[in-house]
Amino acid sequence: MNDSRNNFKNIELFWNVQFIYELVLAQLELQSFDVEYKVSEDFRNFSVKEITNLEQFLSRTAYFGSALSRSSLYNDITSKNITRSINQYLTHWFYPYKGKFHPQMIRALINYMKVKEGETILDPFVGSGTAALEAQLLGINCIGVDVSEVCSLISQVKTNSIYYIDDIIYNQIEIEEELGKLQGHQEEEISTKISQITSSIEKPEVRNFFKVSELIAHSDKIRRRKKDFRKSFLKNSAKMITSVSDYADLQKNHKLKLGKVDIYKGDSRELKLNSNSIDGIVSSPPYSIALDYVENDKHALSALGHDIEIIRNDFIGVRGKGKNKISSYNKDMEKIYLEMDRVLKKDKYCVIIIGNARINKEEIKTVEMTINQFQNMGYKLERNIDKIIFGLYNIMQKENILIFKKER
Ligand SMILES: C[S@@+](CC[C@H](N)C(=O)[O-])C[C@H]1O[C@@H](n2cnc3c(N)ncnc32)[C@H](O)[C@@H]1O
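Below, the structure is looked at part by part. What you see is a predicted model, and the numbers here were worked out from it, not measured in a lab. In this convention, every chain numbers its residues from 1, walking through the sequence in written order. Given that the model is predicted, a residue must reach a pLDDT of at least 70 before its local features are reported, and side-chain atom pairs must reach 80 or more before they are shown or counted; all residues, however, enter totals for whole chains, interfaces and linings. Side-chain measures here rest on the full set of heavy atoms in the structure, leaving out hydrogens and waters.

**Comments concerning the sheet that holds strand 7 (residues 141-146)**
Quick note on the threshold: Pairs of strands are assigned from DSSP output, requiring at least two bridges between the strands. Helix and strand assignments follow DSSP, with helices taken as H or I runs no shorter than four residues and strands as E runs no shorter than two, numbered in order from the N terminus. Axes here mean lines fitted to C-alpha atoms, for a helix over just the part in contact, with angles spanning 0 to 180 degrees between N-to-C directions. Residues count as neighbours in contact if any of their non-hydrogen atoms are within 4.5 Å of one another.
One open sheet holds the seven strands; their spatial order is 8-7-6-9-10-14-13, and the pairing between them is mixed. The open sheet is flanked by strand 8 (261-265) and strand 13 (379-388), the only strands paired with a single partner. The mean angle between the axes of side-by-side strands here comes to 15°, regardless of whether they run parallel or antiparallel. Both strand 6 (residues 120-123) and strand 9 (residues 278-283) contribute to a ladder of two bridges, which runs parallel. What sits directly across from Leu122, in strand 9, is Ile281. Strands in contact with helix 6 (residues 149-160) are strand 7 and strand 8; relative to strand 8, the strand with the most contacts, it is inclined by about 165°.

Written out as structure tokens, the structure is:
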């Protein structure tokens with residue numbers, strides 16, 4: 001109901017917004033657009049006095065489905081979803097990667113950071129590319145770095161397939177024909193053939209698209225043993241094509257000016273970027289003990305031809321044992337934070353999402369270490385928001401969203 005006495009009008013919070021950290025971010029989003037608002041005691045009903053820049057608000061908001069009787073762009077974006085998971089819209093679902101960001105949270109944080117269209121954000125631990133896709137949708141450029149080839153590949157495919165959709169569809173038809181000839185062949189023969197076909201595709205962007213589909217099929221096979229590899233590969237490719245086509249339609253219908261995405265495989269302890277070149281950083285570093293990303297993506301890294309024991313050395317948080325593991329993790333993180341500071345421009349924001357892990361009942365104080373280092377580097381901690389973690393209950397229950405501003 002509109003509060004006509006004070007000229008406050010309703011704006012509609014997305015129904016899926018449930019956690020306290022999301023309600024905090026929803027309010028910060030309104031504040032970042034200089035909107036005067038009221039919120040009901042149950043935190044479900046928001047009303048606003050006016051929204052000076054309504055068009056911009058509607059095109060950027062992450063937490064509000066409509067404002068002043070107009071639907072937000074995010075409403076349309078999230079409706080392009082072929083999965084059952086609310087946050088896996090467009091190409092976000094590509095590859096079952098553990099520890100993905102919640103894309104809605106990233107969109108809101110980019111708003112908080114006030115990064116403008118055409119400016120550039122960095123995610124030095126880009127993982128499955130959540131920040132890259134969200135920045136692209138907002139017309140913001142993104143540089144994403146990850147030491148894992150699986151991650152750099154997925155992130156590229158999620159964000160650049162939209163420019164190659166016709167080629168991809170053409171290749172899919174050819175591949176279907178080719179694989180049709182292999183009915184009744186042994187599973188291993190089929191898997192080798194698929195690998196040969198995808199590797200021989202000339203255009204790297206198209207080749208990478210089918211490589212990701214192949215990696216998803218490998219993962220399906222490992223997780224759900226009885227899956228037929230050929231069927232799984234073809235089904236995944238078809239589903240991926242639907243999502244990329246949806247993305248292309250969305251872009252066309254809304255005349256979206258997409259941001260430029262630049263993903264590279266590399267070690268963030270030494271970023272190949274110029275000093276003072278970045279307008280915002282948002283990232284969740286690996287945890288000291290929670291997830292072994294090498295072990296987790298073992299099948300995919302091996303399928304890409306990597307020796308697991310060799311590449312393990314470049315991954316943060318998985319090297320060594322016990323106390324040694326923690327001290328090398330801390331040293332690595334110190335280095336990375338110095339690198340982030342070097343590339344970030346003055347007066348800009350750096351958002352780190354990180355938590356404290358426990359080893360043998362001892363808490364590893366990574367959050368405090370991060371805050372100390374950023375403060376020593378001349379940053380102000382503007383916000384420290386508690387965030388619940390789903391899925392890692394036995395190891396970690398919560399993490400913190402640390403919003404730093406570079407003041408020198
Ligand atoms: C918490 S995950 C990031 C997940 C990401 N936010 C997403 O939405 O998918 C951390 C990532 O750090 C990467 N990583 C580990 N060591 C690294 C290093 N030295 N340089 C760059 N990336 C590294 C891992 O491969 C992993 O993908």
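**A short note on the environment of Lys398**
The test is simple: Buried residues are those whose accessible area, probed at 1.4 Å on protein chains only, stays under 20% of the maximum for their type, while exposed residues exceed 50% and partly exposed ones sit between those limits. In protein, a polar contact requires one atom able to donate a hydrogen and another able to accept it; more generally it is a pair of N or O atoms within 3.5 Å, and residues adjacent in sequence count only if both atoms are side-chain atoms.
Relative to the elements of secondary structure, Lys398 occurs in strand 14 (residues 398-406). Take Lys398: its relative accessible area is 39%, and that puts it in the partly exposed class. When the C-alpha positions of Lys398 and Asn171 are compared, they lie 44 Å apart, and in sequence the two are 227 residues distant. Residue contacts for Lys398: discarding those within four places in its chain leaves Gly355, Asp386, Lys387, Ile388 and Ile389. A polar contact of 3.2 Å, which involves the side chain of Lys398, links it to the side chain of Asp386.

**Here we look at the packing of helix 14 (residues 322-343) against helix 15 (residues 366-376)**
Basically, it comes down to this: Less than a right angle of anticlockwise turn of the near helix away from the far helix marks a crossing as left-handed, whereas a clockwise turn marks it as right-handed. Residue classes follow a fixed rule: Ala, Val, Leu, Ile, Met, Phe, Trp, Tyr, Cys and Pro count as nonpolar, while Asp, Glu, Lys and Arg count as charged, and any other residue, Gly among them, counts as polar.
Contact pair helix 14 / helix 15: the axes reach a minimum separation of 11 Å and the direction vectors enclose 35°. The hand of the helix 14/helix 15 crossing is right-handed. When helix 14 is examined against helix 15, the residues Tyr329, Asn330, Met333, Glu334, Tyr337, Leu338 and Met340 are found in contact with a partner set consisting of Thr366, Met369, Thr370, Gln373 and Phe374. Looking at side-chain class alone, the contact of helix 14 with helix 15 contains seven nonpolar, four polar and one charged residues.

**Examining the site of the ligand**
Here is the rule: One heavy atom within 4 Å of a molecule or strand makes the whole residue count as near it. Calculation of accessible area relied on Shrake-Rupley with a 1.4 Å probe; when residues are assessed, cover is drawn exclusively from the protein chains displayed.
Around the ligand, the structure places 24 residues, and the nearest of them are Tyr97, Phe101, Ser128, Thr130 and Asp146. At 3.3 Å from a nitrogen atom of the ligand is found a main-chain nitrogen or oxygen belonging to Val147. Within the backbone of Ser268, an N or O atom sits 3.0 Å from a nitrogen atom of the ligand. Computed on the free molecule, the ligand has an accessible area of 600 Å², of which 99% lies beneath the protein chains in the complex. Residue composition of the shell around the ligand, by class: twelve nonpolar, eight polar and four charged.

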